[in-house]
Amino acid sequence: MTLTVRQFPCLSDNYGFLIRDEASGKTATIDTPDADAILAELAASGWGRLDYILNTHWHPDHAGGNARLKTEQGCEIIGPEEVTRIAPLDRQVSGGETVMLGETALRVIATPGHTLGHIAYVSDADAMAFVGDTLFALGCGRLFEGTAQQMWTSLQALAALPPQTKVYCAHEYTAANARFALSVDDAPATVERARA
């Protein structure tokens, strides 16, 4: 399988992701932080219409553009049940299920902690994981609804992915996470990682 990813900044610190299954031409956005930015990137890509929205969780900076994109693109909205707090879903998914983007299988992993129903999408064939707000460079998502144990279990599930897996997180928090990490751990490995 070949999955192509277009990553772009949006809002104040979010990343948007458009993904395309090259075999079928089917296209999806991972979350909908900014409908304008997603539509602009879709136009710039030349990929045509948006087929799917794949939500990781319900927060407005991840599902807030669902309604507009659904109206303008006619795409199918897929995500965890909790997304219905702010937007309707066409298909509800949870850990253990698979979402097909054309010929690309996206395995759904339950990753609660940041929110109770948070999920991640993994393309094992392409060694890619779209983790929403579960994992960031030098940090993890805040615990808004879940427990520390739930987040730890979620992080362990992501750590079990093959080491070549490319992880796509939904915010740019690296510098802030590095400052925090150094405030609680000045071990040489932490210092070196913060410099990278």
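Placed above this text is the structure.
Residues numbered from 1 in each chain as written. Predicted model: local features only at pLDDT ≥ 70, side-chain atom pairs only at ≥ 80, totals over all residues. Heavy atoms only, no water.

Asker: Mind showing me how you'd approach the packing of aromatic side chains here?
Answerer: Describing an aromatic ring pair means giving the distance of the ring centres and the angle of the ring planes. Inspection of the entire model under this criterion finds four aromatic pairs. Each ring, one from tyrosine 15 and one from phenylalanine 17, has its centre 6.4 Å from the other, and the planes form 45°; the classification is tilted. The pair tyrosine 15 / phenylalanine 17 is uniform in exposure class, with both members buried. Arranged with centres 6.0 Å apart and planes meeting at 70°, the rings of phenylalanine 17 and phenylalanine 130 form a pair that is edge-to-face. Placement of the pair is phenylalanine 17 in strand E2 (residues 14-21) and phenylalanine 130 in strand E10 (residues 128-132), with a sequence separation of 113 residues. Taken together, the aromatic side chains of Tyr15, Phe17, Phe130 and Tyr168 make up a single cluster linked through ring pairs. Stacked on the ring of tryptophan 47, the Lys or Arg arginine 6 has its end atom at 5.9 Å from the ring centre. (Phe/Tyr/Trp six-rings, centres within 6.5 Å; stacked < 30°, edge-to-face > 60°. Buried < 20%, exposed > 50% of the residue type's maximum accessible area, 1.4 Å probe, protein only. Helix = DSSP H or I, 4+ residues; strand = E, 2+ residues; numbered from the N terminus. Lys NZ or Arg CZ within 6 Å of the ring centre and 35° of its normal.)

Asker: How do you make sense of the pattern of salt bridges when you look at a structure like this?
Answerer: Pairing of side chains with opposite charge becomes possible as their charged atoms draw close. According to the stated counting rule, one finds eight salt bridges in the structure shown. Notably, a salt bridge pairs aspartate 51 with arginine 49, separated by 2.6 Å at the nearest N-O pair. Among the residues examined, aspartate 51 registers a relative accessible area of 9% and is labelled buried. If you follow the salt bridges from partner to partner, you end up with Asp36, Arg68 and Glu72 in one network. (Salt bridge = Lys/Arg side-chain N within 4 Å of Asp/Glu carboxyl O.)

Asker: Would you take a moment to explain the environment of alanine 129 for this structure?
Answerer: With respect to the helices, strands and loops of the structure, alanine 129 is situated in strand E10. For alanine 129, a relative accessible area of 0% corresponds to the buried category. The residues touching alanine 129, leaving out its near neighbours within four places in the chain, are Tyr121, Val122, Leu161, Thr165, Lys166, Val167 and Tyr168. (Contact = heavy atoms within 4.5 Å.)

Asker: I keep staring at the sheet that holds strand E4 (residues 52-54) and nothing clicks. Help me out?
Answerer: Pairing is mixed across the open sheet formed by six strands, whose spatial order is E1-E2-E3-E4-E5-E6. Strands with a single pairing partner mark the edges of an open sheet, and in this sheet they are strand E1 (3-10) and strand E6 (91-92). Pairing between E4 and strand E5 (residues 76-79): three bridges, direction parallel. Along E5, the bridge assignment pairs tyrosine 52 with glutamate 76. In the packing of helix H1 (residues 35-45) onto the sheet, the strands contacted are E1, E2 and strand E3 (27-30), and the crossing angle to E1 comes to about 135°. (Pairing = 2+ DSSP bridges. Axes fitted to C-alpha atoms, helices over the stretch in contact; angles between N-to-C directions.)

Asker: Is there a simple way to explain the pairing of E5 in this structure?
Answerer: Two faces, one strand: in a regular strand the side chains alternate between the faces of the sheet. As judged from the two bridges shared by E5 and E6, these two strands associate in the parallel manner. Paired with isoleucine 78 across the strands is arginine 91, a residue of E6.

Asker: I'm lost on the nonpolar core in this one. Help?
Answerer: For soluble globular proteins, nonpolar side chains are generally found buried alongside one another. Residues Ile19, Leu54, Val99, Leu106, Tyr121 and Phe130 are the most contacted members of the largest nonpolar core, which totals 19 residues. For this core, the elements supplying multiple residues, two or more each, are E2, E3, E4, strand E7 (98-101), strand E8 (104-110), strand E9 (119-123) and E10. Here this core takes three residues from E2, the largest share from any one element. (Core = buried A, V, L, I, M, F, W, Y, C linked by side-chain atoms within 4.5 Å.)

Asker: Quick question: what am I supposed to make of the sheet that holds strand E13 (residues 166-169) here?
Answerer: Backbone-to-backbone hydrogen bonds pair the strands of a sheet. The strands run either parallel or antiparallel. With respect to topology, five strands assemble into an open sheet ordered E7-E8-E9-E10-E13, the strand pairing being mixed. Strands with a single pairing partner mark the edges of an open sheet, and in this sheet they are E7 and E13. Each strand of the sheet is rotated relative to its neighbour by a mean of 25°, with strand direction disregarded. Relative to E10, E9 runs antiparallel, the two being bridged by three bridges. Each residue of the ladder has a partner; that of tyrosine 121, found in E10, is phenylalanine 130.

Asker: Looking at this structure, I do not really get the environment of proline 33. What am I missing?
Answerer: Here proline 33 is to be found in the loop between E3 and H1. Of the residues examined, proline 33 reaches a relative accessible area of 9% and is grouped as buried. Residues proline 33 and arginine 6, 27 residues apart in the sequence, show an inter-C-alpha distance of 15 Å. With sequence-adjacent residues up to four places away left out, proline 33 is seen in contact with Cys10, Leu11, Asn14, Tyr15, Gly16, Ile38 and Asp61.

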